[in-house]
Each structure stands twice: as structure tokens, then as C-alpha cells.
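Observations on the model geometry
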Amino acid sequence: VRVSIRDALLSRTPEEQAGHLATVQSLIADVGVKSKAFAALAKDDAELRTLYHGYEVRLDAFVDVGKRVLGAEAAGNRAEALDIMFKECIPDAAALRAHLQQVRAVVLNKAKKLEGEMATAVRRTQQLIALLSVLALAFGAWLGRLVSRRITRNVTTVREALDKVASGNLEV
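So, here's what we can say about the structure.

Scoring rules and cut-offs
Residues numbered from 1 in each chain as written. Predicted model: local features only at pLDDT ≥ 70, side-chain atom pairs only at ≥ 80, totals over all residues. Heavy atoms only, no water. Salt bridge = Lys/Arg side-chain N within 4 Å of Asp/Glu carboxyl O. Helix = DSSP H or I, 4+ residues; strand = E, 2+ residues; numbered from the N terminus. Expected span 1.5 Å × (residues − 1). Phe/Tyr/Trp six-rings, centres within 6.5 Å; stacked < 30°, edge-to-face > 60°. Bend = angle between axes of the 7 residues up to and from the residue. Buried < 20%, exposed > 50% of the residue type's maximum accessible area, 1.4 Å probe, protein only. Polar contact = N/O pair within 3.5 Å; in protein donor to acceptor, adjacent residues only side chain to side chain. Contact = heavy atoms within 4.5 Å.

The next point concerns the pattern of salt bridges. Inspection of the entire model under this criterion finds four salt bridges. Residue lysine 110 pairs with glutamate 47 through a salt bridge whose shortest N-O separation is 3.2 Å. Taken together, the residues lysine 110 in helix 4 (residues 78-166) and glutamate 47 in helix 3 (residues 46-74) connect sequence positions 63 residues apart. The residue arginine 159 makes a salt bridge to aspartate 163 at a minimum N-O spacing of 3.6 Å. Highlighted residues: arginine 159 and aspartate 163, both in helix 4, separated by four residues, approximately one helical turn.

Take a look at the structure:
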């Protein structure tokens, strides 16, 4: 926004000035859209809400200064517009940039924390799946042994009866 305002003020032709001023107005509108996205992100987090409030204050001040620059230029007072830009707009832009860097640092820190929490949750899930797999395997082995013992017990009983019949004992 600062560069577009400067370009608008330093333009040689009215057409160039109009183009740069239109760019400034669209940038101000774009900032408003991004502010709404930031507000949505900040609504569930107290720290981000505090940062958002500071951002809103700085942004409002910056937009007001930008509008004053545009108003001075539209009124044909280029010297006043340049004065406002260099005395107020540039420092406000620097303050806004510094605040946004602070917001970025906080958001990145929160993202790293969430990444760590997600990694821990994934590890715990993997451990739980491994434990359940071992338990299922042990249960399957126990069940297989139980079934095989029941089958072999009956086969053993039949074999013993056949052995008695083969030895001549017909009272089985």
C-alpha cells in the first residue's frame, strides 16, 4: 500500500495517478478481507485475539492515514499528501509490519506445538494398534489350541477304542 501511494503521488500523468490510487483502494479492500480471516482464526484463542485487537488498531490507523493521503491528493494538495505519507504512513506501515511479524511468530509457534501434539497422538495410536494386534494374535493362538485339543481328544478316544477292538476286546 505504501509503495502504491508513493507511486500515485509521484506519477507524472493523471491517468497514472488514477491507476495507482485505484490500486491503493483495492489493496485497502484486500486488507479488510484478510482481517476477517485473521479474526476468524483468532476467535478461539485468547493470545491471538489480543494480537488481533492490536492489529485492528494499527490497521485502522494505517487505513485512515492512507485515506488522508488520498484525500489530500484528490484535493490537489500534493505537498500535504507527501508530507502525510512520509511523516505518518511510512511509520504506520512499519509498525503494522512489525506487529504482523509478531503475529506470524505466534502462529508458527502454535503450529509447531500442534505438530508436536499430533505426532504424539500418532505415536500413541500406533502403539495401541500394535498392542491390539499382539492381543488378537495371542487370542487367536489360544482359540486355535482350544479347538485343536477338542478335536484331538475325540480322535484319541476313537483311536483307543479301535486299538481295543484290534486286540480282541469287543466290549468297547
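Moving on, we come to helix 3. Taking 1.5 Å per residue as the helical rise, helix 3 with its 29 residues ought to reach 42 Å, and the 41 Å between its terminal C-alpha atoms agrees with that figure. Immediately beyond the C-terminal end of helix 3, within one or two residues, lies glycine 76, with a positive phi of roughly 85°.

Inspection of every chain in the model, using the stated rule, returns one aromatic pair. Aromatic pair phenylalanine 139 and tryptophan 142: ring centres 5.9 Å apart, planes at 35°, arrangement tilted. Taken as a pair, phenylalanine 139 and tryptophan 142 lie in helix 4 at a separation of three residues, close to a single helical turn.

Side chains of residues three or four places apart in an α-helix project in the same direction, reflecting 3.6 residues per turn. End to end, helix 4 covers 124 Å across 89 residues, agreeing with the expected 132 Å (1.5 Å per residue, within 8%). Methionine 85 marks where helix 4 bends most, by close to 40°. Within helix 4, the full set of buried residues consists of Ala81, Ile84, Met85, Cys89, Ala93, Leu96, His99, Val103 and Val106. The first or second residue beyond helix 4 is glycine 168, which carries a positive phi of 105°.

Now for the side chain of histidine 99. As for its placement among the helices and strands, histidine 99 is situated in helix 4. Of note is the side chain of histidine 99, whose polar atom sits 3.2 Å from the side chain of arginine 58. Not counting the four nearest positions on each side in its chain, histidine 99 is found in contact with Leu51, Gly54, Tyr55 and Arg58.

Functional significance is not addressed by these values, which are geometric in nature.
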